[in-house]
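Observations on the model geometry
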Amino acid sequence: MSTLIAETKAIALLEACRREGILLVTAESCTGGLIAASLTDIGGSSDVVDRGFVTYSNEAKHDMLGVPMETIEKYGAVSEEVALAMATGALAHSRAAIALSVTGIAGPGGGSKEKPVGLVWFGLALKGQEPVAAHHLFEDKGRASIRMAAVNTALDMALSALETKSA
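The notes below deal with the structure included here.

1. Re the nonpolar core
Core analysis: the biggest nonpolar cluster contains 42 residues, and Leu-13 and Ile-98 have the highest contact counts within it. Elements with a contribution of two residues or more to this core: helix H1 (7–20), helix H2 (34–40), strand E3 (98–104), strand E4 (119–126) and helix H6 (143–166). Residues within four places of Ile-98 in sequence aside, it is in contact with Cys-17, Ile-22, Leu-23, Leu-24, Val-25, Leu-91, Leu-124, Ala-125, Leu-126, Ala-158 and Leu-162. Membership of the second largest hydrophobic core comes to 16 residues, among which are Leu-65, Ile-72, Ala-87 and Leu-91.

Okay, structure coming up:
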């Protein structure tokens, strides 16, 4: 039997979405669909997960989510502005009421002094609310470690937003 990705948090997020009666969408770059996979690893998740966008390239972010190329060129793909645009674009291109986005540098290469390996930006958009972004600099213990930390952080961010919403 395979190990499920972030199983406890994924189950909690699916249950929170069910309580709110909403669908969820993901827009992922450095995680390559792992957030959506963590949710769809759970049987019955099809009543909550609307879709997932894997937008690894800048062109995919633009074509699939409507992220303006000017935003990517001005701020870089790994930025608050792009994470927010990915989340709002995912909402606009789905039936969901909550969107999670992630864009970062998982390594081993690709980092710089300004944007080191382990830097990940997250976006969260809830219908009817201003989208929010957060960033984390994960310790570089390898690509898989950074990607899994990003999945866990994204799930935590969505859970926190839904707990705040229903409070």
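Having seen the structure, we can now continue with the description.
2. Looking at the environment of Val-78
You can see Val-78 is positioned in the loop between helix H4 (69–75) and helix H5 (80–92). In this structure Val-78 comes out as buried when scored by relative accessible area, which is 10%. Contacts of Val-78, omitting those with residues within four sequence positions, involve Thr-103, Gly-104, Ile-105, Lys-115, Leu-119 and Trp-121.

3. Quick word on the pattern of salt bridges
For the structure shown, the criterion picks out four salt bridges. A salt bridge links Asp-156 to Lys-9; the shortest N-O distance between them is 3.1 Å. Of this pair, Asp-156 sits in helix H6 while Lys-9 sits in helix H1, and the two are 147 residues apart along the sequence. A relative accessible area of 37% places Asp-156 in the partly exposed class. In this structure, the salt-bridge partner of Asp-47 is Arg-18, at a minimum N-O distance of 2.8 Å. Remark: Arg-18 occurs in helix H1 and Asp-47 occurs in the loop between H2 and strand E2 (49–54); sequence separation between them is 29 residues. The class of Asp-47 is partly exposed, set by a relative accessible area of 42%. Connected via shared salt-bridge partners are Asp-50, Arg-51 and Arg-95.

4. So, unusual backbone geometry
With an omega of 5°, the peptide bond between Gly-107 and Pro-108 qualifies as cis. Turning to its location among the elements, Pro-108 is positioned in the loop between E3 and E4.

5. Considering the sheet that holds E4
Spatial ordering of the open sheet is given by E2-E1-E3-E4-E5, a layout of five strands whose pairing is mixed. One side of each edge strand has no neighbouring strand; the edge strands of this open sheet are E2 and strand E5 (132–137). Along the sheet, successive strands turn relative to each other by an average axial angle of 15°, direction set aside. The pairing of E3 with E4 spans seven bridges and is antiparallel. Residue pairing across strands places Leu-100 opposite Leu-124, the latter belonging to E4.

Cut-offs used in this document
Residues numbered from 1 in each chain as written. Predicted model: local features only at pLDDT ≥ 70, side-chain atom pairs only at ≥ 80, totals over all residues. Heavy atoms only, no water. Core = buried A, V, L, I, M, F, W, Y, C linked by side-chain atoms within 4.5 Å. Buried < 20%, exposed > 50% of the residue type's maximum accessible area, 1.4 Å probe, protein only. Helix = DSSP H or I, 4+ residues; strand = E, 2+ residues; numbered from the N terminus. Contact = heavy atoms within 4.5 Å. Salt bridge = Lys/Arg side-chain N within 4 Å of Asp/Glu carboxyl O. Pairing = 2+ DSSP bridges. Axes fitted to C-alpha atoms, helices over the stretch in contact; angles between N-to-C directions.

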